[in-house]
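Overview (structure and organization)
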Amino acid sequence: MAIARPVRALALAAVFILIFCFYNIFQPRDGPHDLSSLKTKADFQGTIERDPNLDLTGEPVGNLVRTSDAYAPGKAGTARIPATLLALVRNEELDGMLQSMEDLERTWNHKFNYPWTFFNDVPFTAEFKRKTSAATKAECRYEVIPKEHWAKPSWINDDLFAESVKILEENDIQYASMLSYHQMCRWNSGLFYKHPALADIQYYWRVEPKVHFFCDVDYDVFRYMQDNNKTYGFTITLYDAPKSIPSLWPETTKFVAEHPEYLHENRADGWLTDKIRRPVHNEMANGYSTCHFWTNFEIADMSFWRSQAYEEYFNHLDRAGGFFYERWGDAPVHSIALGLFEDKNKIHWFRDIGYQHIPFFNCPNSPKCRGCETGRLTDGEQWLKKEDCRPNWFKYAHMD
């Protein structure tokens, strides 16, 4: 008996839908060129490259200083240079801070005993001091941020700030309504290194609560920075939310037009302005790729932040109001300044330091690492892989 034409059409449609469903369920998700799991393809014109952390990773090339009795705790530690582990942390984040300290002490600092300097906008509790000081043999310093460094500046209009928050929230910008978050971003961008407690300190390693360190590091990272003429070290570089920083690049170009003398001849401006890989990001950020070093991990020489070029740049941005009227973070501010005003060869990828800040990782292929899946960028959704800006850093700068 012949099957009616409408029935045949329905049957074919059902088969097509079944095939489509099976394809979407069982197609490979983690192939090097698979973008099917990305939330939007219009803003991603690249590929998910093979992670270079899959290659065997050793220690960086250059002069490396090992531990010795000269790194013993206390005054006996004559080998230590002016440097500190630095954390901006609240009393209620104690457990998360202890987790981070345990990891970093186990993998590195128990060999070198560099001091910890903790900052808070209120005094630390006795419990916080007792438990953190018990987590290390190194000296612990507890500092309160001066009110004039933390308070909202006098030139910020409260009504405009309130209206700006509404716009940010409409654009799904995280933490938009948290005044303390805006204050934190401003302090981390251009005020932390002015604290009197850091007056005699040149280098710092920023550590946040609830982060993980996976790999044994057997050399003094601060001496590595000093002896090899490095200004800044990172592990992860990502794209930012462009709607959180729409006027940051226009303000930067204004500043550069007024001060072209601060531009370094070997700068990484291609990394900052690339519009090929994430074209919509670049358009929405008005010419900025939004690539930035993820500053919850940074090892840096504060001489750069204390330079005339950076000081004038920060002051220009501060007066523009974007730390409050938008959500300018210290990550893009630091990164833009480094990309424009510093020699890109003085910026170092610490690929050998295994690190996690949810939801991203730096996981090297090294026998010194434990608990970190080699080559993993994220344990979140697959679309997060497009947030990796290392391919552009490698393209426009280097892999060292």
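Let me sum up the structure you'll find in this document. (Residues numbered from 1 in each chain as written. Predicted model: local features only at pLDDT ≥ 70, side-chain atom pairs only at ≥ 80, totals over all residues. Heavy atoms only, no water.)

**Some points on the nonpolar core**
In summary, soluble globular proteins display a tendency toward joint burial of nonpolar side chains. Formed by 55 residues in total, the largest nonpolar core has its most connected members in F192, W305, Y310, Y313, F341 and W393. Here this core takes 6 residues from helix α14 (residues 330-341), the largest share from any one element. Among residues more than four places away in sequence, those in contact with F192 are L86, W187, L198, Y204, M302, W305 and H334. Counting residues in each nonpolar core, the second largest holds 43 residues, with A87, F124, F128 and I299 among its members. (Core = buried A, V, L, I, M, F, W, Y, C linked by side-chain atoms within 4.5 Å. Buried < 20%, exposed > 50% of the residue type's maximum accessible area, 1.4 Å probe, protein only. Helix = DSSP H or I, 4+ residues; strand = E, 2+ residues; numbered from the N terminus. Contact = heavy atoms within 4.5 Å.)

**A short note on the sheet that holds strand β10 (residues 347-349)**
Pairing between sheet strands relies on hydrogen bonds along the backbone, with the strands arranged either parallel or antiparallel. Taken together, the 7 strands give an open sheet; going across it, the order is β3-β2-β1-β4-β9-β6-β10, and neighbouring strands pair in mixed fashion. In this open sheet, the two edge strands, each paired with only one partner strand, are β3 (140-144) and β10. Neighbour-to-neighbour, the strand axes of this sheet turn through a mean angle of 20°, independent of strand direction. Of the strands in this sheet, β1 (83-88), β2 (116-120) and β4 (203-206) touch helix α2 (residues 94-112), which is tilted by about 160° from β2. With respect to the sheet, helix α3 (residues 126-134) is in contact with β2 and β3, its orientation differing from that of β3 by roughly 150°. (Pairing = 2+ DSSP bridges. Axes fitted to C-alpha atoms, helices over the stretch in contact; angles between N-to-C directions.)

**Side note on the packing of helix α6 (residues 179-190) against helix α12 (residues 308-320)**
Across the interface, α6 lies against α12 with an axial gap of 10 Å and an inter-helix angle of 160°. With respect to each other, α6 and α12 are oriented roughly antiparallel. Two secondary-structure elements touch here, α6 through R186, S189 and G190 and α12 through Y310, F314 and D318. Split into classes, the residues belonging to the contact of α6 with α12 amount to 2 nonpolar, 2 polar and 2 charged. (Parallel < 35°, antiparallel > 145°, perpendicular 65-115°, else oblique. Nonpolar A, V, L, I, M, F, W, Y, C, P; charged D, E, K, R; others polar.)

**Here's the deal with α14**
Between its first and last C-alpha, α14 extends 16 Å over 12 residues, near the 16 Å set by a 1.5 Å rise per residue. The buried fraction of α14 amounts to 12 of the 12 residues, a majority that puts the element mostly inside the structure. D330, A331, P332, V333, H334, S335, I336, A337, L338, G339, L340 and F341 are the residues of α14 that are buried. (Expected span 1.5 Å × (residues − 1).)

**Section: the pairing of β4**
Here β4 shows two buried faces, one formed by Y203 and W205 and the other by Y204 and R206. In this sheet, β4 lies alongside β1 in parallel orientation, the contact comprising 4 bridges. Bridged to L86 within β4 is R206.

**Observations regarding the pairing of β1**
A large share of β1 lies buried, amounting to 5 of its 6 residues. Direction of pairing for β1 relative to β2: parallel, over a ladder of 4 bridges. Across the sheet, the residue bridging to A87 is F118, located in β2. Each parallel crossover has a hand, and the one from β1 via α2 to β2 is right-handed. (Right-handed = clockwise from strand over helix to strand, strands pointing away.)

**So, the packing of helix α8 (residues 248-258) against α12**
Relative to each other, α8 and α12 sit at 135°, their axes nearing to 10 Å. The angle between the axes of α8 and α12 places the two elements in the oblique class. Crossing of α8 over α12 shows right-handed handedness. Residues L248, E251, T252, K254, F255 and E258 of α8 lie in contact with α12, whose contacting residues are A309, E312, Y313, H316, L317 and A320. Its residues placed into classes, the contact of α8 with α12 shows 6 nonpolar, 2 polar and 4 charged. (Left-handed = near helix turned anticlockwise from the far one by under 90°.)

**Observations regarding the side chain of S335**
Residue placement: S335 occurs in helix α14. On the basis of relative accessible area, S335 is assigned to the buried category, the value being 0%. Not counting residues up to four positions away in its chain, the partners in contact with S335 are W271, L272, C291, H292 and F293.

**As for unusual backbone geometry**
Cis geometry marks the peptide bond from I358 to P359; its omega dihedral reads 5°. Relative to the helices and strands, P359 is located in the loop between β11 (355-357) and β12 (360-362). Non-glycine residue N286 carries a positive phi angle of around 60°. Assignment of secondary structure puts N286 in the loop between α10 (279-284) and β8 (291-293). Despite not being glycine, T290 has its phi angle at roughly 75°, a positive value. Residue T290 is classed as buried on the basis of its relative accessible area, which comes to 0%.

**Quick look at the environment of T378**
Note on placement: T378 falls in the loop between β12 and α15 (390-396). Residue T378 is classed as buried on the basis of its relative accessible area of 9%. Considering only alpha carbons, one finds T378 and F361, 17 residues apart in sequence, at a separation of 5.8 Å. Contact partners of T378, with chain neighbours within four places excluded, come to P359, F360, F361, L384 and K385.

**With respect to the state of the cysteines**
Counted according to the given criterion, the structure contains 3 disulfides. Here C215 is linked by a disulfide to C369, with a sulfur-sulfur distance of 2.0 Å. Across the S-S bond linking C215 and C369, the dihedral sits near 105°, which makes this disulfide right-handed. Of this pair, C215 sits in the loop between β5 (212-213) and α7 (221-227) while C369 sits in the loop between β12 and α15, and the two are 154 residues apart along the sequence. Residue C215 shares its accessibility class with C369, and that shared class is buried. C291 shares a disulfide with C389; S-S distance 1.7 Å. Given an S-S torsion of about 65°, the disulfide between C291 and C389 has right-handed geometry. A residue pair is termed long-range when its members are at least 10 positions apart, and C291 in strand β8 and C389 in the loop between β12 and α15 qualify at 98 residues. The same class applies to C291 as to C389, namely buried. Here the bonded cysteines of the protein chain are numbered in sequence order, and their pairing is 1-4, 2-6, 3-5. (Disulfide = S-S within 2.5 Å.)

Interpretation in functional terms is not warranted from these geometric data alone.
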